[in-house]
Amino acid sequence: VAMSTTGDKILDTALSKIGEKSLFTKELENALERNEVDLVVHSLKDLPTSLPPGFTIGAVCKRENPLDAVVFHPKNCGKTLSLLPEKSVIGTSSLRRAAQLKKKFPQLEFRDIRGNLNTRLKKLDEKEDFSAIILAAAGLKRMGWENRIGQLLSPEDCLYAVGQGALAVEVRAKDQEILNMVSALHDADTVLRCIAERAFMKRLEGGCSVPVAVDTVLKDGQLYLTGAVYSLDGSDSLKETMQTSVHYPQQNEDGPNDDMQHVGITAKNVPGRAQEAAENLGVELASLLLSKGAKHILSVARQLNDAR
């Protein structure tokens, strides 16, 4: 069942201005609630950190590359952002991308661009408005347009969005049969990384109207989370990294623990203690940034964005 959402329909306004938390999800959740469908598939980065009551993320699929990618206008083929002429215009609808890249490439200009991938690529190719646009590498790869990626932005250049590159399967929280069925799709590493990222975002109360960014690495049972907050122009920022062990064996966790959700995710086949550790890591890193003044940076960013 194909559906169109508010976020797909309102294309003349910047995402960060629409101010609707469940921009790309509400219509799908309504269908889920009315039992018209049994599961809905989202980009995880579109899902708010608190889901409406009665819903849960029953599966997080193996993450595609979470990095951001630069797609260049055909005349700039073979270039990188640093090689573009001064005052070149870069299209992105993301405050997070703009804030980080403005700081790194002050000679470039950043402008809003909206629409689905087809629309954005068309706007880039057929007009002279943009020298390049920034998109999620995952979306381009899934559409089979990997050859359009002119430059991948490393986490040093641009930290990515919470949950970027991962697909989430949302189901009714009480529907055990469907929950058990989709749980086979869970990728344990992706689940733990995304729980940490979502917990970080939730503690900061970030959404798409403020620049919050992350990078996670899971290696040898250690989960590393880098998180950052930015002012709209990127001049003010806070960035820290923390780590925790998520090396716990799967135990039979029957009983009241059965439906433990961690930031909206139910993952029965991932050790509960590992999920807790991942969630705590996100909360602690956010608390550290808040103690250093993140709340001020974010509230100023929010006010400026509202005033734009």
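Residues numbered from 1 in each chain as written. Predicted model: local features only at pLDDT ≥ 70, side-chain atom pairs only at ≥ 80, totals over all residues. Heavy atoms only, no water.

Q: Teacher, can you tell me more about the sheet that holds strand β7 (residues 151-153) here?
A: Across a sheet, paired strands are connected by hydrogen bonds in the backbone, their directions being either parallel or antiparallel. Spatial strand order, β5-β4-β6-β3-β7: 5 strands in an open sheet with mixed pairing. Only two strands of the sheet have a single neighbouring strand rather than two, namely β5 (109-111) and β7. This sheet shows a mean twist of 30° between the axes of neighbouring strands, independent of strand direction. Strand direction decides the pairing type here: strand β4 (residues 89-91) and strand β6 (residues 132-136), joined by 2 bridges, are parallel. The residue of β6 that forms the bridge with Gly91 is Ile133. Sheet strands touched by helix α4 (residues 95-104): β3 (68-72), β5, β6 and β7. Its angle to β6, the strand with the most contacts, is close to 130°. (Pairing = 2+ DSSP bridges. Helix = DSSP H or I, 4+ residues; strand = E, 2+ residues; numbered from the N terminus. Axes fitted to C-alpha atoms, helices over the stretch in contact; angles between N-to-C directions. Contact = heavy atoms within 4.5 Å.)

Q: Looking at this structure, how should I read a nonpolar patch on the surface?
A: Together, Leu39, Val41 and Met181 give the surface a local cluster of nonpolar side chains, amounting to about 270 Å² of exposed area. Among the secondary structure elements, Leu39 is positioned in strand β1 (residues 39-43). The exposure class of Leu39 is partly exposed, given its relative accessible area of 33%. (Patch = residues over 30% accessible without salt bridge, like charges linked within 9 Å, V, L, I, M, F, W, Y side chains within 5 Å. Areas by Shrake-Rupley, 256 points an atom, 1.4 Å probe, with all protein chains shown as cover. Salt bridge = Lys/Arg side-chain N within 4 Å of Asp/Glu carboxyl O. Buried < 20%, exposed > 50% of the residue type's maximum accessible area, 1.4 Å probe, protein only.)

Q: Explanation requested: the pairing of strand β11 (residues 237-245) in the structure shown.
A: Regular strands show a simple pattern: their side chains alternate between the two faces of the sheet. The sheet contact formed by strand β10 (residues 222-230) and β11 spans 9 bridges and is antiparallel. Bridge pairing in β11 links Tyr224 to Gln243. Linking β10 back to β11 in an antiparallel pair, the connection comprises 6 residues, with Gly234 at a positive phi of about 80°.

Q: What exactly am I supposed to notice about the nonpolar core here?
A: The tendency in soluble globular proteins is for nonpolar side chains to be buried side by side. Formed by 44 residues in total, the largest nonpolar core has its most connected members in Leu44, Ile57, Phe200, Leu204, Val212 and Val229. For this core, the secondary structure elements donating two or more residues are β2 (55-60), α8 (188-204), β9 (212-219), β10, α9 (272-291) and α10 (294-307). At 9 residues, α8 tops the list of elements feeding residues into this core. Once you skip the residues sitting within four places of it in the chain, Ile57 turns out to touch Leu44, Leu47, Leu51, Ala168, Val169, Glu170, Arg198, Gly264, Ile265 and Thr266. (Core = buried A, V, L, I, M, F, W, Y, C linked by side-chain atoms within 4.5 Å.)

Q: How should the sheet that holds β10 be read in this particular structure?
A: In space, the 3 strands of this open sheet follow the order β9-β10-β11, with antiparallel pairing throughout. This sheet does not close on itself; its edge strands, each paired only once, are β9 and β11. Ignoring which end each strand starts from, the neighbouring axes of this sheet average 15° apart. As paired strands, β9 and β10 are joined by 8 bridges and run antiparallel to one another. Its bridge partner lying in β10, Val212 is registered against Val229. Strands β9, β10 and β11 of the sheet are contacted by α4, whose axis makes an angle of about 90° with β9. Together, β10 and β11 form the strand contacts of α9, whose direction differs from that of β11 by roughly 150°.

Q: Whenever I open this one, the side chain of Arg63 confuses me. Can you help?
A: Residue placement: Arg63 occurs in the loop between β2 and β3. The class for Arg63 is buried, based on a relative accessible area of 11%. Side-chain polar atoms of Arg63 contact the backbone oxygen of Gln164, separated by 2.7 Å. Other than its neighbours up to four places away in sequence, Arg63 contacts Tyr160, Ala161, Gly163, Gln164, Gly165, Ala166, Thr190, Arg193, Cys194, Glu197 and Thr216. (Polar contact = N/O pair within 3.5 Å; in protein donor to acceptor, adjacent residues only side chain to side chain.)

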